[in-house]
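The chain contents come next:
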Amino acid sequence: MIIPPMLNTAIKAARRAATIINRASFDVSLLKVSKKSHNDFVTEVDKAAEDAIIDVLKNAYPDHAILAEESGASDNLHDENENVWIIDPLDGTTNFIHGFPQYCVSIALQQRGIITQAVVYDPTRNDLFTASKGAGAYLNEKRIRVGKRDKIADALIGTGFPFRDLDGLNEYVTMFKVMTEHSAGLRRPGAAALDLAYVAAGRLDGFFEKGLKPWDIAAGSLLVTEAGGIVGTFKGDSDYLYKGDVIAGSPKIFAQQVNLLSEFA
């Protein structure tokens, strides 16, 4: 496996962030935690990890733009910059502050509107998911592919439910009922980037969620497509990154999820 320089830089940045996260995980009770909104937490670890990632990326590529969860968009993002790093320093913060080991670092490079490099790193398991456009998806340098199940009745599906804006909760309960009736089971681990990585690795057969942000989706979406899967909106369209409503899965499971969920688009 030959790792492209930009992907290698992203891996270095993810590992740097993970060092900060792992160190803090030994005693999360000492962390300063604040609320951005209802049920939406941020810690000093999120901010420190994001700073570390940006430092690595900016040292290597000072002209590249940044879109990050905590610090937002860099000043040059709207200058038609063709290279944009999309960063979630700690996806699954609520899990992290409870000591629930399901969270990750997510870093993607968007070039001229297309995601070309992706890293999702799970520091609790030392699982490093990587992808480069056109070169496949990997877990710890071993090629991964989406699952082979072709019937949604046999499929394990990942999801996320509303936690910031609860106005959509009733709609989600209906979606939950539909998918529970048609699938082998639903899982809600709480870190969308890692859920998408699990779809790429065949650990989940599919995934759906509404109201996500670009940093939740960007890296994981490339992992899925490079692993042979499909990512789209609830109608199956390709404009999911900034719309935020996402379905992912192997081609057949993706199509069956769209068929079941398109009415909720």
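Because the structure is a prediction, the values reported are computed rather than measured.

Peer 1: Go over the packing of helix 4 (residues 169-182) against helix 8 (residues 251-261), please, and point to the residues and values.
Peer 2: In the contact formed by helix 4 and helix 8, the axes pass within 10 Å of each other and the chain directions differ by 135 degrees. Taken together, the axis directions place helix 4 and helix 8 in an arrangement best described as oblique. Taken as a pair, helix 4 and helix 8 cross one another with a handedness that is right-handed. Counted together, Met175, Val178, Met179 and His182 of helix 4 and Gln257, Leu260 and Leu261 of helix 8 form the full contact between these two elements.

Peer 1: I'd like a rundown of the pattern of salt bridges, residues and numbers included.
Peer 2: In a structure, side chains of opposite charge can pair up when their charged atoms sit close to one another. Summed over all chains, the structure comprises six salt bridges. The residue arginine 149 makes a salt bridge to aspartate 205 at a minimum N-O spacing of 3.2 Å. Taken as a pair, arginine 149 in the loop between strand 10 (142-144) and strand 11 (156-159) and aspartate 205 in the loop between helix 5 (192-200) and strand 13 (206-209) lie far apart in primary sequence, 56 residues in all. The salt bridge partner of glutamate 171 is lysine 210, with a shortest N-O separation of 3.3 Å. With glutamate 171 in helix 4 and lysine 210 in the loop between strand 13 and helix 6 (214-226), this pair connects stretches of sequence that are 39 residues apart.

Peer 1: If you had to explain unusual backbone geometry to someone new, which residues and values would you point to?
Peer 2: Unusually for a residue other than glycine, asparagine 126 sits at a positive phi of about 55 degrees. Assignment of secondary structure puts asparagine 126 in the loop between strand 7 (114-122) and strand 8 (127-132). Not every positive phi belongs to a glycine, and asparagine 140 is a case in point at roughly 50 degrees. Mapped onto the fold, asparagine 140 is located in the loop between strand 9 (137-139) and strand 10.

Peer 1: Provide a residue-level description of the pairing of strand 13, including the pertinent values.
Peer 2: Along strand 13, one buried face is formed by Gly206 and Phe208 and the opposite face, lined by Phe207 and Glu209, is buried too. Both strand 11 and strand 13 contribute to a ladder of three bridges, which runs parallel. Residue pairing for strand 13: isoleucine 157 is matched across the bridge by glycine 206. As judged from the four bridges shared by strand 13 and strand 15 (residues 246-249), these two strands associate in the antiparallel manner. Bridged to glycine 206 within strand 15 is glycine 249.

Peer 1: Kindly report on the nonpolar core, identifying the contributing residues and their values.
Peer 2: One broad rule of soluble globular proteins: the nonpolar side chains tend to lie buried together. Membership of the largest hydrophobic core comes to 41 residues, with the highest contact counts inside it found for Ile86, Val120, Phe129, Leu194 and Leu223. For this core, the element with the most residues is helix 5, which contributes eight residues. Shared between two domains, this core takes at least three residues from each, and those domains are domain 1 (3-141) and domain 2 (150-262). Not counting residues within four places of it along the chain, the set of residues in contact with leucine 194 comprises Asp91, Gln102, Tyr103, Cys104, Val120, Asp122 and Phe129. Membership of the second largest hydrophobic core comes to 33 residues, among which are Ala18, Ala52, Val56 and Leu90.

Conventions used here
- Residues numbered from 1 in each chain as written.
- Predicted model: local features only at pLDDT ≥ 70, side-chain atom pairs only at ≥ 80, totals over all residues.
- Heavy atoms only, no water.
- Axes fitted to C-alpha atoms, helices over the stretch in contact; angles between N-to-C directions.
- Helix = DSSP H or I, 4+ residues; strand = E, 2+ residues; numbered from the N terminus.
- Parallel < 35°, antiparallel > 145°, perpendicular 65-115°, else oblique.
- Left-handed = near helix turned anticlockwise from the far one by under 90°.
- Contact = heavy atoms within 4.5 Å.
- Salt bridge = Lys/Arg side-chain N within 4 Å of Asp/Glu carboxyl O.
- Buried < 20%, exposed > 50% of the residue type's maximum accessible area, 1.4 Å probe, protein only.
- Pairing = 2+ DSSP bridges.
- Core = buried A, V, L, I, M, F, W, Y, C linked by side-chain atoms within 4.5 Å.
- Domains from an automatic or database assignment.

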